[in-house]
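Structural description and commentary
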Amino acid sequence: MDAQSPLQCEIEQLVGLHGRDRTALMPVLQELNRSHSYLCEEAMVLVSKELSVPRSEVYGVATFYSFFSVEPRGRYVIRLCRTISCAIAGKYHPAVASLLGELSIAFGETTPDGLFTLEQTSCIGLCDQGPAMLVNDDVHVNLTEESVRAILKDYRRKATADGRVKSA
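Residues numbered from 1 in each chain as written. Predicted model: local features only at pLDDT ≥ 70, side-chain atom pairs only at ≥ 80, totals over all residues. Heavy atoms only, no water.

Attention now goes to the sheet that holds strand β1 (residues 76-81). The strands making up a sheet associate through backbone hydrogen bonding, with each pair oriented either parallel or antiparallel. With mixed pairing, the four strands of this open sheet are ordered in space as β2-β1-β3-β4. Each of the sheet's edge strands pairs with one partner strand only, and the pair in question is β2 (116-121) and β4 (138-140). Ignoring strand direction, the axes of neighbouring strands in this sheet form an average angle of 25°. Of the strand pairs in this sheet, β1 and β2 are connected by six bridges, and their pairing is parallel. By the bridge assignment, R79 is partnered in β2 with E119. Together, β1, β2, β3 (133-135) and β4 form the strand contacts of helix α7 (residues 145-162), whose direction differs from that of β1 by roughly 160°. (Pairing = 2+ DSSP bridges. Helix = DSSP H or I, 4+ residues; strand = E, 2+ residues; numbered from the N terminus. Axes fitted to C-alpha atoms, helices over the stretch in contact; angles between N-to-C directions. Contact = heavy atoms within 4.5 Å.)

Right, dumping it as structure tokens:
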């Protein structure tokens, strides 16, 4: 009998937690996306088998929702609102320029050390506290150039403490 991969074991644990039917698809994909920062092909195939859901449906869900990704992303996914109301309100100001400068990447890119991916997203519901951003599930509001630098420094410190920093 073949030994199970760590990914297979993880998916079996998640299926045990969430159930073996179609209703478990979203929570299982959410957990996998959270722990790996994206949904790889192997994970989607294994989920399909474990839940008896067609691969096309798993892939369809994984590509439909903006908080899922089928491409590798950084450990920390930074999401900024791209709606017209934020642009009109002047939300893209020096704090956002500071973020772009500190990361030295454009939207849709990941830093060479694998820590940060920068994405634009639809409204995050924080228009009255903008500029605002999400870093994974953490909300950061009323951003300034200084607060952006401090936030990034804090995430870098966390990654170093966890020993999860890739070399550039």
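Right, let's talk about the environment of I11 for a bit. Position of I11 relative to the elements: it lies in helix α1 (residues 6-18). What makes I11 buried here is its relative accessible area of 0%. C-alpha of I11 to C-alpha of L46: the two residues are 35 residues apart in sequence and 7.4 Å apart in space. Each residue touching I11, except ones within four places of it in the same chain, is listed here: L32, A43, L46, V47 and E50. (Buried < 20%, exposed > 50% of the residue type's maximum accessible area, 1.4 Å probe, protein only.)

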